[in-house]
Amino acid sequence: ILVRSTGFGPRGAVKRLEAIVQKDFFNGLTAPATLTLVGPPSTASPATAFNFNPGSSNVTVYSGDDVVSTDIIPPIGTTNPTNLDTVEASVSGEPPHPFNGTVVGSPSNVGSEMPDWLGSPSNLDAAVRSLATVAQSSGRFFPSGVNPTSFGSNLTGLGITFCDGNCTFTGNGGGIMVVTGKLTLHGNFSFNGLIIVTGQAGVERSGGGNGTIQGNIVIAPYVGSRIQDGINPSTSATFLSPQYDLSGGGNSTVVYNSQSVAGGLVAVSNFVLGVVEK
């Protein structure tokens, strides 16, 4: 919305300000799949190769059926047909990753459905840096080497947690979690909201336990994702190959919940795009 403010001073002085306020930073858009894997099968510099291990527990579930509505999105989405072949083979139980769980819906190539903020590393980096600013202003920015002791509200799905480097998540959390390094899921955990991982090492499960994520997970690695490094990806930069490894054991449930994602976006609501004095 456009907000106009007029102030009157002494001797007939008048000052007018205009500000454009956006409802939320993502403009109401979320990820096209419950688990969205952004990137090619491989890259040369740095050398990366797509890795997808959905976990071997028979109580592992991936679902694109919205918990709170009749909406349906793909349970697992890739941006590359070769990566999709790998995902389909893995969830079918083909070697080298035996899978005994359940996939509700069909994994899909969602490359043509990317929202603008996931359209390129430079676009995503702009979003990540804006989220970092929001996290810093609310005391929820954790530099490399500092692991959060809390991760937002699991009950309301509110809050923002920004890890500028590797991060280990255990326990309960909610809202928006951004990890610019490796995200390790450890032991028992439950998260309601949106998780964005941009580090080259992606997501890994460590140890047993029960894990539940309701919302969206986006894994979209690129060079220069860590704020501390001070690197801005060029407009010609490409994503690295995503990494997702739940071989650490334990039960896992990853399901779409639009309400949890919407609640997380409250953390960056009423985002001021610009102010001008006239």
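Residues numbered from 1 in each chain as written. Predicted model: local features only at pLDDT ≥ 70, side-chain atom pairs only at ≥ 80, totals over all residues. Heavy atoms only, no water.

**Q** Help me understand helix H1 (residues 81-91), please; the structure alone is not making it clear to me.
**A** Since the α-helix advances by 3.6 residues per turn, residues separated by three or four positions end up pointing in the same direction. The set of residues buried in H1 consists of Asn-83, Leu-84, Val-87, Ser-90 and Val-91. Projected onto a plane normal to the axis of H1, the buried residues spread over an arc of 125° and lie on a single side. Two residues or fewer past H1, Gly-93 is found with a positive phi of approximately 90°. (Buried < 20%, exposed > 50% of the residue type's maximum accessible area, 1.4 Å probe, protein only. Helix = DSSP H or I, 4+ residues; strand = E, 2+ residues; numbered from the N terminus. Arc of directions from axis to C-beta.)

**Q** In this structure, what is going on with the packing of aromatic side chains? I would like to understand it.
**A** The description of an aromatic ring pair uses the distance of the two centres, along with the angle that the planes make with each other. Tallying each qualifying case throughout the model produces eight aromatic pairs. Centre to centre, the rings of Tyr-62 and Phe-99 are 6.3 Å apart; their planes meet at 45°, and the pair counts as tilted. Here Tyr-62 is found in strand E7 (residues 60-63), whereas its partner Phe-99 is found in the loop between H1 and strand E9 (102-104), with 37 residues between them in sequence. When sorted by exposure, Tyr-62 lands in the same class as Phe-99, which is buried. (Phe/Tyr/Trp six-rings, centres within 6.5 Å; stacked < 30°, edge-to-face > 60°.)

**Q** What is the right way to read the environment of Leu-246 from this model?
**A** Note that Leu-246 resides in the loop between strand E17 (243-245) and strand E18 (251-255). Residue Leu-246 is classed as buried on the basis of its relative accessible area of 5%. Taking the C-alpha atoms as reference, Leu-246 lies 64 Å from Ala-13; in sequence the two are 233 residues apart. Setting aside chain neighbours within four positions, we find Leu-246 in contact with Asn-53, Pro-54, Gly-55, Tyr-62, Arg-205 and Ser-252. (Contact = heavy atoms within 4.5 Å.)

**Q** What is the right way to look at the nonpolar core in this model?
**A** With 28 residues, the main nonpolar core has Leu-35, Leu-37, Phe-52, Leu-183 and Tyr-244 as its most contacted residues. Looking at this core, the elements that each hand over two or more residues are strand E3 (35-37), H1, strand E13 (167-179), strand E14 (183-197) and strand E16 (210-219). Examining the composition of this core, we find that six residues originate from one element, E14, more than from any other. Aside from chain neighbours lying at most four places away, what touches Leu-35 is Phe-52, Tyr-62, Pro-75, Ile-76, Gly-77, Ile-217, Ile-219 and Tyr-244. Val-110, Ile-176, Ile-196 and Ala-220 belong to the second-largest nonpolar core, a separate cluster that totals 25 residues. (Core = buried A, V, L, I, M, F, W, Y, C linked by side-chain atoms within 4.5 Å.)

**Q** How do you make sense of the side chain of Asn-216 when you look at a structure like this?
**A** Tracing the chain through its elements places Asn-216 in strand E16. Side-chain polar atoms of Asn-216 contact the backbone oxygen of Ala-33, separated by 3.0 Å. In this structure, Asn-216 is in contact with Thr-30, Ala-31, Ala-33, Thr-34, Ile-73, Gly-193, Leu-194, Ile-195, Tyr-256 and Val-261, ignoring residues within four places of it in sequence. (Polar contact = N/O pair within 3.5 Å; in protein donor to acceptor, adjacent residues only side chain to side chain.)

**Q** How do you make sense of helix H2 (residues 121-137) when you look at a structure like this?
**A** For H2, built from 17 residues, the straight-helix expectation of 24 Å at 1.5 Å per residue is met to within 8% by its first-to-last C-alpha distance of 24 Å. Turning to H2, its buried residues are Pro-121, Ser-122, Leu-124, Asp-125, Ala-127, Val-128, Ser-130, Leu-131, Ala-132, Val-134 and Ala-135. Phi turns positive, to about 70°, at Gly-139, one or two residues after H2. (Expected span 1.5 Å × (residues − 1).)

**Q** How should the pairing of E14 be read in this particular structure?
**A** Two faces, one strand: in a regular strand the side chains alternate between the faces of the sheet. Where burial is concerned, most of E14 is hidden: 13 out of the 15 residues are buried. Examined bridge by bridge, E13 and E14 share 12 bridges and lie parallel to one another. In the sheet register, Thr-168 faces E14, and the bridge partner there is Thr-184. In this sheet, E16 lies alongside E14 in parallel orientation, the contact comprising nine bridges. Note on E16: the bridge partner recorded for Leu-194 is Asn-216. (Pairing = 2+ DSSP bridges.)

**Q** Quick question: what am I supposed to make of the environment of Pro-95 here?
**A** When you line up the elements, Pro-95 lands in the loop between H1 and E9. Separated by 37 residues in sequence, Pro-95 and Asn-58 place their C-alpha atoms 16 Å apart.

**Q** In this structure, what is going on with the side chain of Thr-36? I would like to understand it.
**A** With respect to the helices and strands, Thr-36 occurs in strand E3. What Thr-36 contacts, discounting residues up to four positions off in sequence, is Ala-31, Gly-77, Val-110, Met-114, Ile-217, Val-218 and Ile-219.

**Q** Just to check I follow, could you spell out unusual backbone geometry for this structure?
**A** Note: most residues except glycine have negative phi, and most peptide bonds are trans. Here the bond from Ser-45 into Pro-46 is cis, since omega is 0°, no more than 30 degrees from zero. Its place among the elements puts Pro-46 in the loop between strand E4 (42-43) and strand E5 (48-49).

**Q** Please clarify how the pattern of salt bridges should be interpreted in this entry.
**A** Should their charged atoms come close, side chains of opposite charge can pair. All chains considered together, the criterion is met by three salt bridges. In this structure, the salt-bridge partner of Glu-204 is Lys-182, at a minimum N-O distance of 3.0 Å. Of the two residues, Glu-204 sits in strand E15 (residues 203-206) while Lys-182 sits in the loop between E13 and E14, which places them 22 residues apart along the sequence. In this structure Lys-182 comes out as partly exposed when scored by relative accessible area, which is 25%. Of the charged contacts, one joins Asp-229 and Arg-226 as a salt bridge, the two residues approaching to 2.8 Å between their closest N and O atoms. Taking relative accessible area as the criterion, Asp-229 reaches 37% and is therefore assigned partly exposed. (Salt bridge = Lys/Arg side-chain N within 4 Å of Asp/Glu carboxyl O.)

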